[in-house]
Amino acid sequence: MAQKPNRYKEMERYMTYALCLDAVLFVLYLIVAGNGIIWLKVILTLLCLALSGALLWFLYATKELLRQRSLWITVGAGAIAVCLLFSLLLNFPSPNKYKQPKQESACFVTEQI
């Protein structure tokens, strides 16, 4: 007897993959923001917010947003979005502006002719 496919389990699996990808993007954002690569920080911010928003919108569209069985996905996507927004507002992590750039040593080799 063939088992009937459980649509919720399938949706939950894909949502888990998307949530893990969103978490990886957020960690990459933190690393890039700490190193001061602005253009990549902007791209990762947009991707992370878009993915979190898409997850929350999909849960809302399927009427799973506040159900007990999908609450962990809702909280996970919302937490990543809130942490990202706070990180942007507080400008944390940011490169150390007091760190002195490395200077080239002034050793010159003179040749004798």
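The structure under discussion appears in the preceding block.
Residues numbered from 1 in each chain as written. Predicted model: local features only at pLDDT ≥ 70, side-chain atom pairs only at ≥ 80, totals over all residues. Heavy atoms only, no water.

The next point concerns the packing of aromatic side chains. On inspection of all chains with the given rule, the structure shows 2 aromatic pairs. Both rings, one in Tyr14 and one in Tyr17, keep their centres 6.4 Å apart while their planes meet at 65°; by these two values the pair is edge-to-face. With Tyr14 and Tyr17 both in helix H1 (residues 7–35), this residue pair falls 3 residues apart, about one helical turn. Assessed through its relative accessible area of 53%, Tyr17 is described here as exposed. Arranged with centres 6.2 Å apart and planes meeting at 20°, the rings of Phe26 and Tyr29 form a pair that is stacked. Separated by 3 residues within a single helix, Phe26 and Tyr29 lie in helix H1, roughly one turn from each other. Tyr29 carries the same exposure label as Phe26, and that label is buried. In this structure, Arg13 is placed above the aromatic ring of Tyr14, and the distance from its NZ or CZ to the ring centre is 5.5 Å. Seen from the ring of Tyr8, Arg69 lies directly overhead, with NZ or CZ sitting 4.2 Å from the centre. (Phe/Tyr/Trp six-rings, centres within 6.5 Å; stacked < 30°, edge-to-face > 60°. Helix = DSSP H or I, 4+ residues; strand = E, 2+ residues; numbered from the N terminus. Buried < 20%, exposed > 50% of the residue type's maximum accessible area, 1.4 Å probe, protein only. Lys NZ or Arg CZ within 6 Å of the ring centre and 35° of its normal.)

Let's shift gears to the nonpolar core. Counting residues in hydrophobic clusters, the biggest one holds 19 residues, and the most contacted among them are Met15, Phe26, Tyr29 and Leu55. Listed by contribution, the elements that provide at least two residues to this core are H1, helix H2 (38–61) and helix H3 (71–90). Sorting elements by how many residues they give to this core places H1 first, with 10 residues. Apart from residues no more than four positions distant in its own chain, Met15 is found in contact with Leu55, Phe58, Leu59 and Ile73. (Core = buried A, V, L, I, M, F, W, Y, C linked by side-chain atoms within 4.5 Å. Contact = heavy atoms within 4.5 Å.)

So, about the pattern of salt bridges. Scanning the model with the defined rule gives 2 salt bridges in all. Among the salt bridges present, the one from Glu64 reaches Arg67, with a minimum N-O distance of 3.5 Å. Note that Glu64 is salt-bridged to Arg69, the shortest N-O span being 2.6 Å. The buried category is assigned to Glu64, whose relative accessible area is 5%. Judged by relative accessible area, which is 42%, Arg69 ranks as partly exposed. Taken together, the shared-partner salt bridges in this structure form one network comprising Glu64, Arg67 and Arg69. (Salt bridge = Lys/Arg side-chain N within 4 Å of Asp/Glu carboxyl O.)

Glancing now at the side chain of Lys41. On the secondary structure map, Lys41 appears in helix H2. Comment: no salt bridge for buried Lys41; closest opposite-charge side chain is Asp22, at 16 Å. Sequence-distant contacts of Lys41, defined by excluding residues within four places in its chain, comprise Tyr29, Val32, Ala33, Leu88 and Asn91. (Lys, Arg positive; Asp, Glu negative; His and termini not counted.)

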